[in-house]
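Structural features, examined
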Amino acid sequence: MSLKDCQEWINSGFPLSTTSNEAAKMYDAIVQQLMYGYDVGEFGPISQCLEKMLSADPNFVLGHTVKHLLTVLGHAVKHLLTLLSNETSTWSNPVLKADIDDMVEMAEHSDISLLEKLHVDAVKFLSIGYLKKACDKWEEILLFNPTDMQALSGHFTTCFQMGQPIKIRDTMASVSQYWKTSKSTEMYSIVKGWYSFGLEEALMFPAAEKEAMEALGLNLHEAWSVHTIAHIRVMQGHPHKAIEYMESTEKDTERNSLHGHIRWHLAIAYIETGDYETALTIYDNEFSDQIHVNLMMLRGAVSILYHLQLEGVSVGDRWEKLYKASVPHIGDQALAFNDIHYLITAQATEHQDVADRLMDSINNFVSDVKDESNDIVNVYRDIALPMCQAFQAYHHDDYGTAVDLLYPLRYQFVKIGCSHAQADTFNVFLLHSALKSSERKHQLLAGSMLRERKAQQENNPMNERLLANIAATL
């Protein structure tokens, strides 16, 4: 990996405010690794690069933005990384809020470029829940600099968390030609991989697969393209084909941070085929001891056990470990998709007091922020809160209320920060709720939803099992 010093950044049309070549190079290393999805050994992990960058120039504003980008999404890079991890939020973490406030103040008193100011604004908006405004800032940056890695990464992840795949699709289509002429074939393959995922989430499966295959032709290890093709197989109702593909490409993505998520898809595909033993083996070997690596692995572990539980499979005492890992996060309200998984662990381990605390925390968060333009608050109030109430109702055997709460939201699940494939967990949960409801209309609704499901996924064996349950009910 070659890294740009200060003069090379100037030559690229994106001058940095730092005069430290070390800081400039470490910034380059961070944003490249952010796109690659794995640490490059010669420079150490991103955390080490962040430390080197800010030690070389503590007043490097853009460096701080990337730090926060990774936390929520260098000071801008530092904070960007923090924010995008969804492991904390400024409303639950006063230290993070103060750190971002310091970054904004530093930017106001520094001689920085327009693009750096836009990066600061993007992270500031992201940190307080204005996701659309953050994306507007990144889109403005990409107008001036279509190969800005930090802007593209932030925009991609935040649009996904808002359930806006069309924006991902269109932005990647707009910038990809500039990446094609860049020096890095690997970087171009990543952009094509992201583009393929935007196409797939927009349900444009043939175009998505074409883009993914082209990306893999450039770089066999491009994980987002592997992920896209797995998604397509799953979404079209071919879990056996999905399994065959993911098993055959396992070694290709093992360095990438997305690898664990792809293995989640594999476990769910095995569950859909009825092979519960293999799914549990994947859980035990690849998830149980990795839940503290990041929240993606914790969510994946929760989802695997919950799918098995809905299928009537005993998972023993495996829930307890997931519950303990979830409890520290119940007051975060960083991503609605996370909170539903924390709630599931509390219910599965019969810690109703913790489930109630989580519900209280969400209610307080929604009531405390009065601004109706706050994107995160709106998602919690309009979608996540009734979804959590539905899970609570189901847990207390009030299946009819669960259906009444969840059914009106079924086309909005992706807005809580998940893909269509991940949202299918909630579709299956809704089906089970309707089947267990004592109300005739809900039982008929289950039949209607399953007919819809079979029309889209005719070859999915799980549909046959659900059909048998419906036949027994009706």
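Residues numbered from 1 in each chain as written. Predicted model: local features only at pLDDT ≥ 70, side-chain atom pairs only at ≥ 80, totals over all residues. Heavy atoms only, no water.

**What to know about the overall build of the protein chain**
Helix and strand content of the protein chain: 25 helices and zero strands. Here the protein chain has a C-alpha radius of gyration of 22 Å; the compact-globule value for 474 residues is 23 Å, and the two agree. Within the protein chain, the proportion of its 474 residues that are buried is 60%. Charge separation in the protein chain, taken as the distance between the mean sites of 38 positive and 62 negative side-chain charges, equals 4 Å. (Helix = DSSP H or I, 4+ residues; strand = E, 2+ residues; numbered from the N terminus. Rg over C-alpha atoms; globule rule 2.2 N^0.38 Å. Buried < 20%, exposed > 50% of the residue type's maximum accessible area, 1.4 Å probe, protein only. Lys, Arg positive; Asp, Glu negative; His and termini not counted. Charge placed at Lys NZ, Arg CZ, Asp CG, Glu CD.)

**Examining the packing of helix α2 (residues 21–36) against helix α11 (residues 185–201)**
Relative to each other, α2 and α11 sit at 50°, their axes nearing to 10 Å. Taken together, the axes of α2 and α11 lie oblique to each other. As for how α2 packs across α11, the hand of that crossing is left-handed. Across the interface between the two elements, Gln32, Met35 and Tyr36 of α2 pack against Glu186, Met187, Ile190, Val191 and Trp194 of α11. Class assignment for the residues of the contact of α2 with α11 results in six nonpolar, one polar and one charged. (Axes fitted to C-alpha atoms, helices over the stretch in contact; angles between N-to-C directions. Parallel < 35°, antiparallel > 145°, perpendicular 65-115°, else oblique. Left-handed = near helix turned anticlockwise from the far one by under 90°. Contact = heavy atoms within 4.5 Å. Nonpolar A, V, L, I, M, F, W, Y, C, P; charged D, E, K, R; others polar.)

**Let's talk about the packing of aromatic side chains**
Here the structure, examined in full by the defined rule, presents 18 aromatic pairs. Ring geometry for Tyr27 and Phe60: centres 5.9 Å apart, planes at 75°, overall edge-to-face. Of this pair, Tyr27 sits in helix α2 while Phe60 sits in the loop between α3 (46–56) and α4 (61–71); the two residues are 33 residues apart in sequence, bridging distant segments of the chain. Taking relative accessible area as the criterion, Phe60 reaches 0% and is therefore assigned buried. One residue, Lys4, lies across the ring of Trp9, its end atom 4.2 Å from the ring centre. Between Lys124 and the ring centre of Phe125, over which it is positioned, the NZ or CZ distance is 5.2 Å. (Phe/Tyr/Trp six-rings, centres within 6.5 Å; stacked < 30°, edge-to-face > 60°. Lys NZ or Arg CZ within 6 Å of the ring centre and 35° of its normal.)

**Focus on the side chain of Asn460**
Structurally, the position occupied by Asn460 is in the loop between α24 (440–456) and α25 (461–473). Asn460 sits in the buried class, given a relative accessible area of 0%. Within the structure, Asn460 has its side chain in polar contact with the backbone nitrogen of Met462 (distance 3.0 Å). When sequence neighbours within four positions are dropped, the list of residues in contact with Asn460 reads Gly237, Pro239 and Glu272. (Polar contact = N/O pair within 3.5 Å; in protein donor to acceptor, adjacent residues only side chain to side chain.)

**Some points on the environment of Glu254**
The topology assignment puts Glu254 in the loop between α14 (239–248) and α15 (259–273). With 33 residues separating them along the chain, Glu254 and His221 place their C-alpha atoms 8.6 Å apart.

**What about the confidence of the model for the protein chain?**
For the protein chain, the average pLDDT comes to 90, and 93% of its residues sit at 70 or higher. Averaged pLDDT values over the elements of the protein chain bottom out at 58 in helix α5 (residues 81–84) and peak at 98 in helix α22 (residues 399–406). Scored below 50 in pLDDT, residues 72–78 shows 85 contacts in the model against residues more than four places distant or in partner chains. (pLDDT = per-residue confidence, 0-100.)

**Some remarks on the environment of Gln33**
Within the secondary structure layout, Gln33 lies in helix α2. Classification of Gln33 as buried rests on a relative accessible area of 2%. Measuring from C-alpha to C-alpha, the distance between Gln33 and Ile46 comes to 7.2 Å, with 13 residues separating the pair along the chain.

**A few points about the pattern of salt bridges**
Applying the stated criterion across every chain yields a total of 20 salt bridges. For Lys321, the salt bridge goes to Asp289, with nearest N and O atoms at 3.2 Å. Of this pair, Lys321 sits in helix α18 (residues 319–326) while Asp289 sits in the loop between α16 (276–286) and α17 (295–310), placing them 32 residues apart in sequence. Several salt bridges share partner residues, and in doing so they unite Lys192, Lys210, Glu211 and Glu214 into one network. (Salt bridge = Lys/Arg side-chain N within 4 Å of Asp/Glu carboxyl O.)

**Observations concerning a negative patch on the surface**
Together, Asp397, Asp398, Asp404 and Glu439 line one region of the surface with negative charge. In this structure, Asp398 sits in the loop between α21 (375–395) and α22. (Patch = residues over 30% accessible without salt bridge, like charges linked within 9 Å, V, L, I, M, F, W, Y side chains within 5 Å. Areas by Shrake-Rupley, 256 points an atom, 1.4 Å probe, with all protein chains shown as cover.)

**Here's the deal with the packing of α17 against helix α23 (residues 420–436)**
Put simply, α17 and α23 touch, their axes get as near as 11 Å, and they point 25° apart. Taken as axis vectors, α17 and α23 run roughly parallel relative to one another. Pair α17 / α23 crosses with left-handed handedness. Note on element contacts: α23 touches α17 through Thr425, Val428, Phe429 and His432, opposite Ser303, Tyr306, His307 and Leu310.

**Looking at unusual backbone geometry**
Its identity is not glycine, yet Leu203 carries a phi of approximately 65°, on the positive side. Within the element layout of this structure, Leu203 appears in the loop between α11 and α12 (205–218).

**Thoughts on a nonpolar patch on the surface**
Judged by side-chain polarity, Leu114, Leu143 and Phe144 come together as a nonpolar surface patch covering roughly 370 Å² of accessible area. Looking at the secondary structure, you find Leu114 in helix α7 (residues 114–127).

**Quick notes on α3**
Among the residues of α3, Ile46, Cys49, Leu50, Met53 and Leu54 are the ones counted as buried. In a view along the axis of α3, the buried residues occupy a sector of 120°, so they form one face of it. Residues of α3 that are exposed and angled more than 90 degrees away from the buried face: Ser47, Glu51 and Ser55. (Arc of directions from axis to C-beta.)

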